[in-house]
Amino acid sequence: MKKINTRKGYDLEEIRVLRATNALRIDIEKERIRNMFSPAVEQTRQGDKLFSAASNLAETVEYGIKTYRIVKKVSNLFRKKKN
């Protein structure tokens, strides 16, 4: 006798695998949400903000120095020589 499987859907093993993967996804998402509000993450965010502010300040100072040098060179071209 041949067994003809015309039924569409999941078998019991596929349902178990799907339930296990969904449970893992839920656990991972819970852990991610829990880590978002932990103090260590807040300290990291503050450190990132501090580093960002310091790098922006350094970049601003660098552009200021470059601008000063360019203005100095251009202004020297227009100065009259005193003889």
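A brief structural summary. Because the structure is predicted, anything quoted here is derived from the model rather than measured.

**Re the overall build of the protein**
Secondary structure summary: the protein contains two helices and zero strands in total. By residue count, 1% of the 83 residues in the protein fall in the buried class. A total accessible area of about 8,800 Å² is found for the protein, and carbon and sulfur atoms account for 61% of it.

**Some details on the pattern of salt bridges**
The final tally for this structure, using the stated rule, is three salt bridges. Between Arg32 and Glu29 there is a salt bridge, with the nearest N and O atoms lying 2.4 Å from each other. Here Arg32 pairs with Glu29, and both are found in helix α1 (residues 12-36), just three residues apart, close to one helical turn. Look at Glu29 and you get partly exposed, because its relative accessible area is 35%. In this structure, the salt-bridge partner of Arg34 is Glu31, at a minimum N-O distance of 2.6 Å. Of this pair, Arg34 and Glu31 are both found in helix α1, three residues apart, which corresponds to roughly one turn of the helix. Its relative accessible area of 38% is what places Glu31 among the partly exposed residues.

**What to know about a nonpolar patch on the surface**
Together, Ile70, Val74, Leu77 and Phe78 make up an exposed nonpolar region whose accessible area comes to about 480 Å². By the element assignment, Phe78 lies in helix α2 (residues 39-78).

What counts, and where the lines are drawn
Residues numbered from 1 in each chain as written. Predicted model: local features only at pLDDT ≥ 70, side-chain atom pairs only at ≥ 80, totals over all residues. Heavy atoms only, no water. Helix = DSSP H or I, 4+ residues; strand = E, 2+ residues; numbered from the N terminus. Buried < 20%, exposed > 50% of the residue type's maximum accessible area, 1.4 Å probe, protein only. Areas by Shrake-Rupley, 256 points an atom, 1.4 Å probe, with all protein chains shown as cover. Salt bridge = Lys/Arg side-chain N within 4 Å of Asp/Glu carboxyl O. Patch = residues over 30% accessible without salt bridge, like charges linked within 9 Å, V, L, I, M, F, W, Y side chains within 5 Å.

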